Amino acid sequence: MKIIHSPRHLGHAGHVELTHGQIVPAFEKPERVAMIMKALGERRLGLFVEPTAHGLDPVRRVHDAAYVRFLATAWELWTASGRDNPALPSFWRAPGMRDIEPDYVDGKFGFFSFDGGCCIVPGTWDAVQAGADLALTGADLISAGERMAFALCRPPGHHAQQATMGGYCFVNNAAVAAQGLRDRGAARVAVLDVDYHHGNGTQSIFYDRADVLVCNIHSDPRQAYPYFLGYVDEIGAGAGEGFNANYPLPKGTDYAAWSVALEAACARIEAHAPDALVVSLGVDTFKGDPISAFQLDSPDYLRIGARIARLGKPTLFVMEGGYAVDAIGTNVANTLEGFLQ
Ligand code: SP5
Ligand code: ZN
């Protein structure tokens, strides 16, 4: 297995988030990658490789050009307004308001986001671009015939929609990879999102398409972030009707109940008969996660990996959430080892 990584994620550091009415140090921090690299290295689970550059055209296959332009210039815009502190939005558009990109920086930050979880610092855009390159390098490897690969993306991506950042996510790495696989000749692709939080971005990007099936196992939006998407009746629209599947579960869910949803998602994926599978690998389902409320234990990730392997599809794992830094390495390594065995 190849583990695709880049030190460029380190530029996205020293940032904050708006949580519980307070500006706090971000839960999504660089140490996460260090702990994963350490565990994967100790267990000799694969070969570490760096990504090749793919440019922004493949990013614009799933994100609006105006949004990509915003991300590329956000820090510059922020400092031009006379600030040098980490950048956060504080104003948002609500239903009924105009869909017009404002000129002023605060308007742009609100226009292109849906929460206060995406802080921008000087190195953020470079880290985000590196993440997209990791995902695309993974798509290259799978298209070239590898059975599996792991794109160790940071920041994560699955909350990023066509033109909105949120939930620590700027570019939707899994969606970029899924589209990249389509563009390299896969007729059908499936995305399996096992992060604790619903992957609203990935769902939204592929919602009206039948070529990319999106399955999400996550905490019920009535109780958990991102609150406004992830219900079971979201089945896709137009040509995509029947090609989105949501498996919301209550807070406190343990592996016994979680694995029932995994079985259902796997059955749906088998019916789709994809040429390639992208797994949005969040391990914030872990019982010790500081911002989540499922009860999975470290050995459960071995079973998750093994079950995904039984689908028998060329599989690209893309890193998403997981904030229990002490356990994140073990949980990610267990998933990948479970797949490999
Ligand atoms: C990629 C990813 O996992 N993003 C997650 C973004 C979550 N942002 C909202 C966090 C809300 C935290 N509430 C915690 C309550 C626990 N006491
Ligand atoms: Zn998450």
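Here, the structure is the one placed above.
One numbering rule holds for all chains: residues counted from 1, following each sequence as written. Going through the entries in the order they are written, you letter the chains from A and number the ligands from 1. Local features in a predicted model are, by the rule used here, given only for residues with pLDDT of at least 70; side-chain atom pairs are given and counted only at 80 or more, and totals for whole chains, interfaces and linings are based on all residues. To get the side-chain values, take all heavy atoms of the structure and skip hydrogens and water.

A word on the site of ligand 1
Here is step 1: Near ligand 1 lie 14 residues; those nearest to it are His 159, Gly 167, His 197, Asp 284 and Tyr 323.
Here is step 2: Whenever a nitrogen or oxygen atom comes within 3.5 Å of another N or O atom, the pair is scored as a polar contact, on the condition that within protein one atom can donate a hydrogen and the other can accept it, and that pairs from neighbouring residues in sequence are kept only if both atoms are in side chains. Separating a nitrogen atom of ligand 1 from a side-chain N or O atom of His 159 is a distance of 3.3 Å.
Here is step 3: Note that an oxygen atom of ligand 1 is positioned 3.2 Å from one of the side-chain N or O atoms of His 197.
Here is step 4: Accessible surface is estimated by sampling points in the Shrake-Rupley manner with a 1.4 Å probe; for residues, cover comes only from the protein chains shown. In isolation ligand 1 offers 510 Å² of accessible surface; the protein chains occlude 75% of this area. Definition of nearness: a residue and a molecule or strand are near each other if at least one heavy atom of the residue lies within 4 Å of the molecule or strand.

So, the packing of aromatic side chains
Here is step 1: Between rings of Phe, Tyr and Trp, where Trp is taken as its six-membered ring, a pair exists when centres lie within 6.5 Å; planes separated by under 30 degrees are stacked, by over 60 edge-to-face, and by other angles tilted. One pass over the full model with this rule turns up 12 aromatic pairs.
Here is step 2: With a centroid separation of 5.1 Å and 85° between ring planes, the pair formed by Phe 70 and Phe 109 is classed as edge-to-face. With Phe 70 in helix α3 (residues 65-80) and Phe 109 in helix α4 (residues 105-111), this residue pair connects regions lying 39 residues apart in the sequence. Like Phe 109, Phe 70 is buried.
Here is step 3: Residues Tyr 227 and Phe 228 carry aromatic rings whose centres are separated by 6.2 Å and whose planes lie at 55° to one another, so their mutual orientation is tilted.
Here is step 4: Through pairs of rings, three or more aromatic residues link up here, namely Tyr 67, Phe 70, Trp 78, Phe 109, Phe 111 and Phe 112.
Here is step 5: Geometrically, a lysine NZ or arginine CZ counts as sitting over a ring once it is within 6 Å of the ring centre and also within 35 degrees of the ring normal. The side chain of Arg 83 reaches across the aromatic face of Trp 78, ending 4.4 Å from its centre. Think of it this way: any DSSP run of H or I at least four residues long counts as a helix, any run of E at least two long counts as a strand, and we number them from the N terminus. Throughout, exposure labels follow a simple rule: accessible area from a 1.4 Å probe, protein chains only, divided by the maximum for the residue type, with under 20% read as buried, over 50% as exposed, and the rest as partly exposed.

Observations regarding the coordination of the zinc ion (ligand 2)
Here is step 1: Donor atoms from the polypeptide that bind the zinc ion (ligand 2) are Asp 195 (OD), Asp 195 (OD), His 197 (ND1) and Asp 284 (OD), placed at 1.9 to 2.8 Å.
Here is step 2: Any N, O or S atom lying within 2.8 Å of the metal counts as a donor, and for Na, K and Ca the limit rises to 3.2 Å; water is left out, so some sites can look incomplete. Of note, the donors binding the zinc ion (ligand 2) are all from one chain and are spaced D-x1-H-x86-D. Of this pair, His 197 sits in the loop between β6 (189-193) and α7 (200-206) while Asp 284 is found in the loop between β9 (276-281) and α9 (300-309), placing the two residues 87 residues apart along the sequence. Of the two residues, His 197 and Asp 284, both sit in the buried class.

Quick look at unusual backbone geometry
Here is step 1: For the bond running from Arg 154 to Pro 155, omega is 0°, close enough to zero to count as cis.
Here is step 2: Tracing the sequence through the fold places Pro 155 in the loop between β5 (148-151) and α6 (173-183).
Here is step 3: Pro 226 follows Tyr 225 through a cis peptide bond whose omega is 10°.
Here is step 4: A positive phi is found at Arg 44, a non-glycine position, where the angle reads about 50°.
Here is step 5: Here Arg 44 shows up in the loop between α1 (31-42) and β4 (47-49).
Here is step 6: By relative accessible area, Arg 44 is classed as exposed at 74%.
Here is step 7: In this structure, Tyr 227 takes a positive phi of about 65° despite not being glycine.
Here is step 8: Among the structural elements, Tyr 227 can be located in the loop between β7 (212-219) and β8 (244-249).

Regarding the sheet that holds β7
Here is step 1: Pairing is parallel in the open sheet, where eight strands are placed in the order β4-β1-β5-β10-β9-β6-β7-β8. If you trace the sheet from one side to the other, it starts and ends with β4 and β8, each paired once. The sheet shows a mean angle of 15° between the axes of neighbouring strands, taken without regard to direction.
Here is step 2: Should DSSP find at least two bridges between two strands, the strands are taken to pair. Pairing of β7 with β8, which is carried by six bridges, proceeds in the parallel orientation. Considered in β8, the bridge of Asn 216 is made with Asn 246.
Here is step 3: It only takes one pair of heavy atoms within 4.5 Å for two residues to be counted as in contact. Helix axes use the C-alpha atoms of the stretch in contact, all axes being lines fitted to C-alpha atoms, and the angles between their N-to-C directions lie in the range 0 to 180 degrees. Contacting β1 (2-4), β4, β5 and β10 (315-319), α1 runs over the sheet at an angle of about 145° to β4.
Here is step 4: Helix α10 (residues 325-340) contacts β5, β9 and β10 of the sheet and is inclined by roughly 175° relative to β10.

A closer look at the pairing of β10
Here is step 1: Burial analysis of β10 places five of its five residues in the buried class, which makes it a mostly covered element.
Here is step 2: Because side chains alternate across β10, one face comprises the buried residues Thr 315, Phe 317 and Met 319, and the other comprises Leu 316 and Val 318, equally buried.
Here is step 3: Relative to β10, β5 is paired through four bridges, and the arrangement is parallel. Residue Phe 150 lies in a different strand from β10, and its bridge partner there is Phe 317.
Here is step 4: Note that β9 and β10 share five bridges and pair parallel. Within β10, the position partnered with Ser 280 by the bridge is Val 318.
Here is step 5: Crossovers are marked right-handed if the path from the first strand over the helix to the second runs clockwise, as seen with the strands pointing away from the viewer. Note on the crossover from β9 through α9 to β10: the handedness is right-handed.

Some remarks on the side chain of His 198
Here is step 1: By secondary structure assignment, the location of His 198 is in the loop between β6 and α7.
Here is step 2: A distance of 2.8 Å separates a polar atom in the side chain of His 198 from a polar atom in the side chain of Gln 203.

Re α10
Here is step 1: Residue count minus one, scaled by 1.5 Å, sets the expected span of a helix. An ideal rise of 1.5 Å per residue puts 22 Å on 16 residues; α10 measures up with 23 Å between its terminal C-alpha atoms.
Here is step 2: By the criterion of burial, α10 is predominantly enclosed, with 13 of the 16 residues buried.

Comments concerning the pattern of salt bridges
Here is step 1: When a carboxyl oxygen of Asp or Glu is within 4 Å of a side-chain nitrogen of Lys or Arg, the pair counts as a salt bridge. Under the definition given, this model contains 18 salt bridges.
Here is step 2: For Arg 43, the salt bridge is made with Glu 337, and the minimal N-O distance between the two is 2.8 Å. Note that Arg 43 is positioned in the loop between α1 and β4 and Glu 337 in helix α10, a separation of 294 residues in sequence.
Here is step 3: Taking relative accessible area as the criterion, Arg 43 reaches 30% and is therefore assigned partly exposed.
Here is step 4: When the shortest N-O distance is used, the salt bridge between Arg 222 and Asp 220 registers 3.7 Å.
Here is step 5: Among the residues examined, Arg 222 registers a relative accessible area of 59% and is labelled exposed.

So far we have only geometry, and geometry alone does not tell us how the molecule works.
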